[in-house]
Amino acid sequence: MKAVHFGAGNIGRGFVAEFLHNSGYEVVFCDVMDSIIDQLQASKSYKVIQVGAEGNSESVITNYRAINSKTHEADVIKEITTADIVTCSVGPNILKFIAPVIAKGVDARPNDATPIAVIACENAIGATDTLAEHILHPKCTPEHRLDDHHERARYANSAIDRIVPAQDPGAGLDVKLEKFYEWVVDKSPFHDHEPPAIKGIKWVDDLIPYIERKLFTVNTGHAAAAYHGYYHKKTTVYDALQDPVIMDEVRKALAETSTLIVGKHGIEEQEQKDYVNKIITRIGNPHLEDAVERVGRAPLRKLSRRERFIGPAAELAEDGKDFSALLDAAEMAFRFQNVEGDDESAELAKIMSSNAPEAVVEKVCGLTASDKLFPHVVEIVKKVQAEA
């Protein structure tokens, strides 16, 4: 069995490839970063270190190859034609760049083989759908090849949950991550054949509750702690959560998202409370040493319409329910400007300094005047601009 994985970064090597390796797949890493591909080509193995309060454990990853997709596209296409799975962890904004080569590989597959499973492993709702839209665009797949495309590929959305902190200097290919994991995948695209055999995946008929529970609990909580922590000059998420004021802010934000999750998806209230408590313990793991700047990076994406603050707050506002703590967290995200090493924070600073508050909210958050949340976000943008 063979899997082609785009994105040989820490999530790709440490999370996705570990699952695939443990399930008996040869993993073919594809990336445009010369340095990481060169390292993978020069090494026959690397370690994945799982970090937990009860101690660390290690696993060794072998049976992989690496291709520079920038310089050897034809080789990537050839690998996809004979692979069982394509996965990716490249970031939601990069999906459009990997779509053309995946499309060529899928198009070259025979119709009588089992369709290749395509699963995007990104921190975004419907990431595989987004990737599929790019692949099926006329620029990538000719119109006359669309009717039987499903015979060559199936696209399954997924929700991934595992904290991968900043790595130790000099770690090389080795990856440190938390022991806890969750990888939930929609099984409905595989209605006429078995889904891929990957140990550890939870296959479900309805993915949306899992995606929203994860995004609006893990990601909301993690980012809220980071942005409040950055504002209060904390070093790590663990440090931030030792501050009772910040811990209270995080718990209030997650109480608001819990109201949405319980009401919308029928999850039991106690089950969600237990989940929240588990998540706060996880994101506050002192062994992960997660810098607030790393967790807070990419504020433009994290402030966007379907993301961890604005997404749930907009739904709560429409229902007339409390969203004040989510608004407080969003305010802290708007203050995350010109942070060294983060291009989006520099871009956010430019947008904030050169636009009226209403324009900022429309541009950054994707809200319009018809949204009940709109005027509330405008007010926090005004406040941040006035203090700049």
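These figures come from a predicted structure and were not determined experimentally.

K.L.:
What exactly am I supposed to notice about the overall build of the chain here?
P.N.:
Within the chain, the secondary structure is distributed over 16 helices and 12 strands. A globule of 388 residues ought to have a C-alpha radius of gyration of about 21 Å, and the chain, at 21 Å, matches this closely. By principal-axis analysis of the C-alpha atoms, the chain measures approximately 60 × 50 × 45 Å. Counting across all 388 residues of the chain, residues that qualify as buried make up 54%. Counted over contacts in the chain with a minimum sequence separation of 6, partners at least 24 positions apart contribute 71%. When the 44 basic and 60 acidic side-chain charges of the chain are each reduced to a single mean position, those positions are 2 Å apart.

K.L.:
Sorry, what's going on with the packing of helix α6 (residues 208–231) against helix α8 (residues 244–265) here?
P.N.:
Geometrically, a packed helix pair is captured by the angle between its two axes and the distance between the axes. Contact pair α6 / α8: the axes reach a minimum separation of 9 Å and the direction vectors enclose 165 degrees. Relative to α8, α6 is oriented roughly antiparallel. Between α6 and α8 the crossing geometry is right-handed. For the pair α6 and α8, the contacting residues are I208, P209, E212, R213, F216, T217, T220, G221, A224, A225, H228 and G229 in the first and I246, E249, V250, L254, T257, L260, I261, K264 and H265 in the second. Of the residues in the contact of α6 with α8, the class split is 10 nonpolar, 7 polar and 4 charged.

K.L.:
Looking at this structure, how should I read the pattern of salt bridges?
P.N.:
Oppositely charged side chains may form a pair once their charged atoms are brought near each other. Tallying each qualifying case throughout the model produces 26 salt bridges. For D148, the salt bridge goes to R152, with nearest N and O atoms at 3.1 Å. Owing to a relative accessible area of 0%, R152 belongs among the buried residues under this scheme. Residues K383 and E331 are paired through a salt bridge, measuring 3.4 Å at the closest nitrogen-oxygen approach. Taken together, the residues K383 in helix α16 (residues 374–387) and E331 in helix α13 (residues 324–334) connect sequence positions 52 residues apart. Judged by relative accessible area, which is 40%, K383 ranks as partly exposed. Relative accessible area serves as the criterion here: at 7%, E331 is assigned to the buried category. Salt bridges linked by common partners bring K2, E26, R65 and E79 together as one network.

K.L.:
Sorry, what's going on with the nonpolar core here?
P.N.:
Considering soluble globular proteins, one finds that nonpolar side chains tend to be buried as a cluster. In terms of nonpolar packing, the biggest core is built from 69 residues, with F309, F334, V364, L367, L373 and V377 touching the most fellow members. Ranked by residue count, the leading element in this core is α6, at 9 residues. Among all residues touching F334, those that are not within four sequence positions of it are L303, L348, M352, V360, V364, C365, V377, I380, V381 and V384. Among the nonpolar cores identified, the runner-up in size contains 33 residues, and A3, Y25, V164 and W183 belong to it.

K.L.:
Hey, could you run me through a negative patch on the surface in this one?
P.N.:
Together, E268, E269, E271 and D274 give the surface a local cluster of negative charge. Structurally, the position occupied by D274 is in helix α9 (residues 269–283). Using a relative accessible area of 43% as the deciding quantity, one classes D274 as partly exposed.

K.L.:
Explain the sheet that holds strand β3 (residues 46–52) here, please?
P.N.:
Strand order in the open sheet made by the 3 strands is β4-β3-β10, with mixed pairing throughout. In the strand order of this sheet, the two ends are held by β4 (55–61) and β10 (175–178), each with one partner. Strand after strand, the sheet turns through a mean of 25 degrees between neighbouring axes, direction not considered. As judged from the 4 bridges shared by β3 and β10, these two strands associate in the parallel manner. Bridge assignment links I49 to a residue of β10, and that residue is K176.

K.L.:
Whenever I open this one, the packing of aromatic side chains confuses me. Can you help?
P.N.:
Given two aromatic rings, one states the distance between the centres and the angle between the planes to describe the pair. In this structure the tally under the stated criterion is 10 aromatic pairs. Geometrically, the ring pair formed by Y227 and F336 is edge-to-face, given 5.2 Å between the ring centres and 75 degrees between the ring planes. Remark: F336 occurs in the loop between α13 and α14 (343–354) and Y227 occurs in helix α6; sequence separation between them is 109 residues. Each member of the pair Y227 and F336 is classed as buried. Within the aromatic cluster, the residues linked to one another by ring pairs are F15, F19, Y181 and W183. Over the face of the ring belonging to F15 we find R162, whose NZ or CZ atom lies 5.7 Å from the ring centre. Geometry around Y275 places R213 over its ring, the cationic atom sitting 3.8 Å from the centre.

K.L.:
Explanation requested: helix α3 (residues 73–81) in the structure shown.
P.N.:
Quick reminder: α-helices carry 3.6 residues per turn. Residues three or four places apart thus point the same way. All buried positions along α3 are accounted for by V76, I77, E79, I80 and T81. The inward-facing, buried residues of α3 abut β1 (2–6), β2 (26–31), β5 (64–68), β6 (85–88), α4 (95–107) and β7 (116–120).

What counts as what
- Residues numbered from 1 in each chain as written.
- Predicted model: local features only at pLDDT ≥ 70, side-chain atom pairs only at ≥ 80, totals over all residues.
- Heavy atoms only, no water.
- Helix = DSSP H or I, 4+ residues; strand = E, 2+ residues; numbered from the N terminus.
- Rg over C-alpha atoms; globule rule 2.2 N^0.38 Å.
- Buried < 20%, exposed > 50% of the residue type's maximum accessible area, 1.4 Å probe, protein only.
- Contact = heavy atoms within 4.5 Å.
- Lys, Arg positive; Asp, Glu negative; His and termini not counted.
- Charge placed at Lys NZ, Arg CZ, Asp CG, Glu CD.
- Axes fitted to C-alpha atoms, helices over the stretch in contact; angles between N-to-C directions.
- Parallel < 35°, antiparallel > 145°, perpendicular 65-115°, else oblique.
- Left-handed = near helix turned anticlockwise from the far one by under 90°.
- Nonpolar A, V, L, I, M, F, W, Y, C, P; charged D, E, K, R; others polar.
- Salt bridge = Lys/Arg side-chain N within 4 Å of Asp/Glu carboxyl O.
- Core = buried A, V, L, I, M, F, W, Y, C linked by side-chain atoms within 4.5 Å.
- Patch = residues over 30% accessible without salt bridge, like charges linked within 9 Å, V, L, I, M, F, W, Y side chains within 5 Å.
- Areas by Shrake-Rupley, 256 points an atom, 1.4 Å probe, with all protein chains shown as cover.
- Pairing = 2+ DSSP bridges.
- Phe/Tyr/Trp six-rings, centres within 6.5 Å; stacked < 30°, edge-to-face > 60°.
- Lys NZ or Arg CZ within 6 Å of the ring centre and 35° of its normal.

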